[in-house]
Each structure stands twice: as structure tokens, then as C-alpha cells.
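# Structure at a glance
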Amino acid sequence: MLQGAFTALTADEAYYYLYALQPDWGYFDHPPMIAWLIRLGLFWGDATWQVRLFPIALFTISLYFIEGIAQPNKPWLYRLLVISVGVFHFYGFFAVPDAPAFFFAVLVMKYYLRFLKRQAIGIAIHLGVSAGALLLSKYHGIVFLGLLFLANPWLALKRNSWLAALSAILLLAPHVFWLWKHDFPSFSYHLEERHIAFDIGGQLLHYFTTQLFFLGPFTSFLFFVCAARKMPADAAKRAIWVLFWGIYLFFALLSFKGRVEAHWTFLAAIPGLLILSEQMGNLSVLLVKRISAISLVIIVSGRLLVMLPAERSSPIYQLTRDFRPPIYALDEINAASKGHPVIFMNHYQWSAWYIYYYRAHAFSLSNNYGRRTQFDLWKTARKYESDSVLFVANNGDLRLEPFTQAQDFRHITLPNFIDLSRFHLHAIGFPKSAQVGDSIVINGTVRFDGDLGLIEKSADWPYTVVAEVFKDGQLLLEQPLYQLPIPEATSLNFWVKQKWPLEQGQYQVKFGIRGNYLPPIKSMGYMSFQLKH
């Protein structure tokens, strides 16, 4: 709790704090459990420890429950190993979805092992509710549940297994309805917007190297060595073994699609601890003591460094910058804003920090170079239309001449701001393939869903329809298609025939609306496009 009180909120925690200010059954990229937990803490105030209060409590209880399941024959040695796992120290006080996911996954494990022995109605309901709560915490929980099913598929023949499934479905129903109502934004984000071209020297290597140390720094190899055995015949032990290796295998395969974050395998620590507990008698006490001593020195030093105040130029700051908000830059932005709302381009992290630490108006504006966020789902930009706003840039594509260069960012004040996401573009008949050198024909419709008077007053006029061509996630071409006239109607059509200077290959095309200063704002989803010889 002291760590939670004296460590600044990370960017993601500040973002989830914004979730908690608007409780709902779902959010753009996460289910709602973390927002609910933070909201409970906010009843006592909004200091950092209050934001983290319930995630800390749940994670602490989780470790107690795991030990109850494990029943280690050497409790003191088991606890020594647990406190030597660095990730427990940090995820133990962060207000992130992993904390409730870990707690409910432990409950699932607890009731699943009971259900293997006795398929009673009460156990089934507890198992189902725990499974539903796990999925309300983090979508990755589906991997945990799926592997438990694969370990013992015969359970599906038991009548009360369906009662467990029904309990989970009933708990999840409001969230599923929310997803349907909002066009399943979480799934489109995770399945499409996070896509990165496969690079065996990048994603896969990154995955294996991070996982080797994630449960460490030095205890990781104990987890893997103890689990490196033939799959047990016993149903309970088989489930634990399948769960441990299955999680790592699943995310190894997922790394072929894109980058896998180290903490996505966090739930593997649950079966890992159960395996360690069972193998405790085979471990050298002296080895465990030495590993724990070295690990604790590193872990405690890291925790202290994160808590200590540090000047920007100091080595401590450079080592721990990922845990610190950029107050030096945010102070400059706050001064430059002169009380106006602040737009951060493609930077939900700085937006969230700015709102939390300055109690000021801000939001992140997404364009074709970035990804959508909860600010897009809330349509926050529309709250500030016709206002003067401070626009903070964070990429090199902008037309820089009128921008003021500060130490760490560029900014410009825009009077009569307009939300360009009000423009909806539909490209009719865009070809899926063409020959190199052929002309591309685009029939398009642009619809504006706001007050036409906003357009004439906007400082960001004129607006241009553009096509941005990407390959393997890299922007290759921004092609202007059509400059919008000041419309007399909310909808207009255009026709374009152009040759694009591209070689043979597979491309993704994103259409958008570019303002005088603002980069292209996404107006429709991307389209695949192939050029052939």
C-alpha cells in the first residue's frame, strides 16, 4: 500500500481512472472490471493509493488463495519463492486489469479442482460466476478457460458443467450486449488494429526472451524446470500442466500475428506456483535461498527507485521513466494552454495523465497513423467544438510552419475547433487489385453529420479527402484525392481517377480527411489492395 501511495500512476492506470469516472459495462479495449474496482476506491478519494486500493487488495488475497490450493509441505520455502518473483511486486500494486484477472483466475482454479472431484450444483455455480468475472476482467481469460476444458473435456458430459456455463453467460450478458451495441470495438482493436507484420527476428525472439525473465528475474527457470515433465495422468495435475504450457504455447503462436506483451502470460503464474509447490521437496533449499536473496535485492532496489523523486537528467529518472509521468512537459503544456482544452494527437497516455494530475480538460485525437481509443468511443472531441483548443503534435507528418516548438513537443492554438470524425467517407467500387501503372478509379461519398456552420468558421479549413497507403504497417504514400468545397448540403459525391506510384505488392489503404493542420482523421476502415505485374 505504501508503494501504491508514493508511486505515480502509470499512463495505463490514469487511463483506467478515466474509465472509472464513467462506469459502464464495457470500454474500447478492455472489459469493465478494472474500472469498477477503481470506482470503489474513489469513494474514499482519488489519491494514487485510493485508485489502487481494491486491485492491491484482490491481488494480495489471490496469493493467499493460491497457497491454500497448493498446500505446500514447506510453506516458508514456498513463500520465499513467491516474494522472489519480481512481477508479483509490481503487478501487486498497479491498478491494471491483470490484478482482478489474476484473482478470478485463482478462484476458477480453486472451484475447477473441486469440480473435478464432485460435480455439485453449488461448486458449478461458483465456478461459472468466477469464469464470468474472469472474462469481465480481461479477455485473455478465454485462453485460461479453454485450456482447462481441453485438459478434461469429459467434464462437458456432466450436467452441472452446463450450469457452470450458464452462470458465466448470465454474468457476461450485459457486457456482450454492450459490445454488440458498440459494434464490438474491443475485438476489432485486438484482431485488426494491433496487427503487425510478422518478423521472426522481432516478435518471436522478443516473446521468448521476455518470457524467460518475466517470472524472475532469477526464479523463472525454476518454474520451467519443475514443469518440464511428462503430462500427468491425474486429471487435476494434467489440468495444471496443460494450463502452464498451453498459455505459453498459445501466445508463442499469437506472436506470429504481432507483438505479444510480456504480461499477457501472467496467468501462467497460477499453475506455475502449483507445480512449484508440488516439486518443493526436489528443490535445493540452499539454491532457493541464494536465488531469493539476489532477487530480493534487485526487486527492493527497483521498487525504491520507482518511488524516489528524481530530476529529469538523473540516472534514476532514466532508469524508471516508464513509471513516471512526463511532468516537465505537462507543466509546459498546461502553461501554454492558458485554460483552453488540450488535444493530444494519438496520445491517450499523456491525455490521461494531464486530466488526472491537472484536473483539466483534454483528450486524445486519433488519426490514421495511430489507433482508436476510449476517447473516440466517448466522442470527447465533440464536447469542445467551436472552442479554442491547444493542439499538441507528436509526429513528424504535420505541417510544421505555424507550430510553436517547445522542449519536448510542438503546439498550436486552433480557434473554432471541429471534430473531423464527423466526416464519414464511403469509397464505392474501390478495386481489390490492379496492374502496376493502371489508373485507380474511386467513386466516393462524403457525409457530414454536424452543423455546416462549424465548417466555415474552422481554422483548420480547407479539408481534403486523402488515401494513405501502408505496407507492413509503414506509410508509403499519402495521395490527395479531392478537396472539399464548403458544402451547402451534408452529403456530396466525388469521382477520381489517378495513377499511384507504387510497385508490385500487397497494400492496405486508409481513407481519411486531412485538415489544414490536422493529419488525416480516419473516416472509414482500411481496405486491402494488391498491385500485380
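Figured I'd write up the structure that's included with this text. (Residues numbered from 1 in each chain as written. Predicted model: local features only at pLDDT ≥ 70, side-chain atom pairs only at ≥ 80, totals over all residues. Heavy atoms only, no water.)

## A look at the pattern of salt bridges
Under the criterion given, the structure shown has 12 salt bridges. Arg422 serves as the salt-bridge partner of Glu385, at 2.8 Å between the closest nitrogen and oxygen. Placement of the pair is Glu385 in the loop between helix H20 (374-378) and strand E3 (389-393) and Arg422 in the loop between strand E5 (410-414) and strand E6 (423-428), with a sequence separation of 37 residues. Since its relative accessible area comes to 12%, Glu385 is described here as buried. Sharing partners across several salt bridges, the network here consists of Arg382, Glu385, Asp419, Arg422 and Asp449. (Salt bridge = Lys/Arg side-chain N within 4 Å of Asp/Glu carboxyl O. Helix = DSSP H or I, 4+ residues; strand = E, 2+ residues; numbered from the N terminus. Buried < 20%, exposed > 50% of the residue type's maximum accessible area, 1.4 Å probe, protein only.)

## So, the pairing of strand E1 (residues 342-345)
Here is the key point about a regular strand: its side chains alternate between the two faces of the sheet. Because side chains alternate across E1, one face comprises the buried residues Val342 and Phe344, and the other comprises Ile343 and Met345, equally buried. The β-α-β motif built from E1, the intervening helix H19 (residues 348-358) and the parallel element strand E2 (residues 362-365) has right-handed crossover chirality. For E1 and E3, the ladder comprises three bridges, and the chain directions are parallel. Bridging from a neighbouring strand, Phe344 pairs with Val392 of E3. (Right-handed = clockwise from strand over helix to strand, strands pointing away. Pairing = 2+ DSSP bridges.)

## Some words on helix H16 (residues 285-307)
The first and last C-alpha atoms of H16 sit 32 Å apart over 23 residues, in line with the 33 Å expected at 1.5 Å per residue. Structurally, H16 contributes buried residues whose contacts are with helix H1 (2-6), helix H5 (75-82), helix H6 (86-91), helix H13 (220-227) and helix H17 (315-320). (Expected span 1.5 Å × (residues − 1). Contact = heavy atoms within 4.5 Å.)

## Things to note about the nonpolar core
The biggest cluster of nonpolar side chains holds 167 residues, and the ones touching the most others in it are Phe88, Phe102, Met109, Tyr112, Phe144, Ile333 and Trp500. Tallying contributions element by element places helix H7 (residues 98-117) first for this core, with 14 residues. Phe88 has contacts with Phe59, Leu63, Val82, Phe102, Phe266, Ala269 and Leu273, leaving out every residue within four places of it along the chain. (Core = buried A, V, L, I, M, F, W, Y, C linked by side-chain atoms within 4.5 Å.)

## Quick look at the environment of Ser458
Topologically, Ser458 is positioned in the loop between helix H21 (452-457) and strand E9 (464-471). For the pair Ser458 and Leu135, spaced 323 residues apart in the sequence, the C-alpha separation amounts to 44 Å. Once you skip the residues sitting within four places of it in the chain, Ser458 turns out to touch Asn416, Ile418 and Tyr463.

## Thoughts on the packing of aromatic side chains
This model, assessed by the stated rule, comprises 45 aromatic pairs. Pairing Phe93 with Phe94 gives two aromatic rings, centres 4.5 Å apart and planes at 55°, and the pair type is tilted. Classification of Phe94 as buried rests on a relative accessible area of 8%. Their ring planes at 0° and their centres at 5.6 Å tell us that Phe363 and Tyr384 sit as a pair that is stacked. Of this pair, Phe363 sits in strand E2 while Tyr384 sits in the loop between H20 and E3, and the two are 21 residues apart along the sequence. Neither Phe363 nor Tyr384 differs from the other in exposure class; each is buried. A network of ring pairs unites the aromatic residues Tyr15, Tyr16, Tyr19, Tyr27, Tyr348, Phe375 and Trp378 as a single cluster. Here the basic side chain of Arg359 rests over the ring of Tyr356, its NZ or CZ set 4.8 Å away from the ring centre. A cation sits over an aromatic face here: Lys510 above Phe470, 4.8 Å from the ring centre. (Phe/Tyr/Trp six-rings, centres within 6.5 Å; stacked < 30°, edge-to-face > 60°. Lys NZ or Arg CZ within 6 Å of the ring centre and 35° of its normal.)

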